[in-house]
Amino acid sequence: MAVIVEDISRTFQEFLLLPGLTTKNHVPSRVSLKAPIQRFKRESGPRACLNIPFVSASMQAVSGAGLATALARKGGAAFIYCSQPIAEQAAMVREVKEHKAGFVESDSNLSANATLRDAIELREKTGHSTIAITEDGGRHSKLLGILTDKDFWEFKDDLSKPVRAYYTPLEKLVLAEEGISLQEATEKLWKHKKECLPIIDRQGRLKYLVFRKDYFDHKSNPDELTDDKKRLFVGAAINTHDYKERGAALVEAGADCLCVDSSDGYSEWQADAVSYLRKEYGDKVILGGGNVVTKEGFRYLVEVAGVDFVKIGIGGGSICITREQKGIGRGQASAVLEIAAERDKYFAETGTYIPLCSDGGLNNDTQVIVALAMGADFVMMGKYFAMTEESPTPKVTYQGRVFKPYWGEGSNRARNWQRYKDSGGEGMLFEEGVDAYVPYSGPLSEKLNVTLGKLRSTMCNVGVLSLKEFHEKAQLTRVSELTLVEGGTSTVERFDRVQSS
Ligand code: MZP
């Protein structure tokens, strides 16, 4: 007879944190959000860590090179999706690794024969007013000069004239040669009171532009997550089919972390993939596995597969219909609570700490905070990041509101058959994900700042200054439906909602 587990499957929304003593020491600026992402021994302490406990889902509509760069600059990490050819995924990883903070590859380039009208059109397309004039208009061709909108008057000059009569030629520019550090480039900009410094190679070909405004941007990202060579940190997803070739290409491209992307990680295929990669690369690359929702699944991934971290969650994703379609999964809070307890037990038994990632179904900042309080070391989110400027999809306007497309990896659109082939090999007979739109939420950095601000503030209310302490000291209470109503604002007309209706 089947076993009925003595537990109701619960979600984060059903819990609230209780305050602990907040001392004068508990101020948001002192809160550390460092989160381990690699298994470690008690005596040696944490090894690789994220600077903020956020990673982005390995999904086509979420984790491209642009979002990966933006998230690493804030201190988190993206997992570049594997539902694409190996070479394309490796190229995305390489793009993130080659990103040089402050060194920008020029996306606005023209030849000297182009007209002022061409320059204006290009400015409108890219939004950038600094245009590199190169021998043939190529991004890395021989640099001839720079045109900015200070060089001509849009409403007075003849726009059919070629830019050659307007741009500032090489001999009047302050330039630097490839190899210069960001600090040296910044000094040069400051000394010569310039806005932009072109970096050229020995043959005079344009490599990068360094902008004065990016210096301030760089300063405002003190948590940037990098590897030991100061390159941005990036993760990549792998599957249980082509992991040998994919793993080799991703490691070669510089991926810091690989994670098996599977809707059900409690499987021998997963153990085969992880053990193979561990044997091949040792500790050179961090290895994550999942997804699981039971303590048995956790033990299997840790003891048999040998993962560095375990990803938790089945069926909770905002675009996921696995529970509806297949009748399998678990409320995310129940899954995190059970596995966190098992992780602590494993730590007490062996002295090895296994970081946990709560993946999917986080609908607001409160749920992120509860997930971290319950024992997750970091959270993986899809929808949250899909909504941002940096996700790879285009913005679409519908009835005056701006949206971004967002679809599940198990949807027809993603055609991610490899992920769902595990259980039978018969290909995709039905969908496990939907195709949707999510409201556009603006730049990732601004959105994250708000979430991080709330997280730090709640941690101070609980009386903790680190995520480790948060796990140890958090006290939560279950909430009734009426408590949820009481916590809302249903008895008054909110000014913001009256205004928008
Ligand atoms: P969310 O943050 O949008 O709620 O959920 C993102 C997570 O949903 C992903 O990290 C992944 O684990 C899961 N996912 C992605 N595609 C599907 C699907 O098509 C899915 N069913 O469940």
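For every chain, the first residue of its written sequence is number 1, and the numbers climb from 1 along that sequence. Given that the model is predicted, a residue must reach a pLDDT of at least 70 before its local features are reported, and side-chain atom pairs must reach 80 or more before they are shown or counted; all residues, however, enter totals for whole chains, interfaces and linings.

Student: Which residues make up unusual backbone geometry, and what values do they have?
Tutor: Note that the residue after Gly-290, namely Asn-291, is joined by a cis bond; omega there is 0°. Secondary structure elements follow DSSP: runs of H or I no shorter than four residues count as helices, runs of E no shorter than two count as strands, and numbering proceeds from the N terminus. As for its position among the elements, Asn-291 is in strand E16 (residues 286-292). Here the phi dihedral of Lys-193 falls at roughly 50°; this positive angle occurs in a residue that is not glycine. For Lys-193, the position within the fold is in the loop between helix H4 (182-191) and strand E12 (196-200). In the Ramachandran plot, Gln-399 falls in the positive-phi region, its phi being about 45° despite a non-glycine side chain. Examined against the element boundaries, Gln-399 turns out to sit in the loop between strand E21 (396-398) and strand E22 (401-407). Residue class for Gln-399 comes out exposed when judged on the 5 C-beta atoms lying within 10 Å of it. Labels follow a simple rule on C-beta atoms placed from the backbone: if 20 or more others lie within 10 Å of a residue's own, it is buried; if 12 or fewer, it is exposed; otherwise it is partly exposed.

Student: Tell me about the nonpolar core, residues and numbers included.
Tutor: Buried Ala, Val, Leu, Ile, Met, Phe, Trp, Tyr and Cys residues form a nonpolar core when they are connected through C-beta atoms within 7 Å. In terms of nonpolar packing, the biggest core is built from 111 residues, with Val-234, Ala-236, Val-310 and Val-379 touching the most fellow members. Here this core takes 7 residues from helix H14 (residues 444-462), the largest share from any one element. Setting aside its immediate chain neighbours within four residues, Val-310 contacts Gly-289, Gly-290, Val-292, Phe-298, Leu-301, Val-302, Ile-339, Ile-354 and Leu-356. If you look at the next biggest cluster of nonpolar residues, it comprises 13 residues, including Leu-110, Leu-116, Ala-132 and Tyr-167. Two residues qualify as being in contact provided that their C-beta atoms, derived from the backbone, are within 7 Å of each other.

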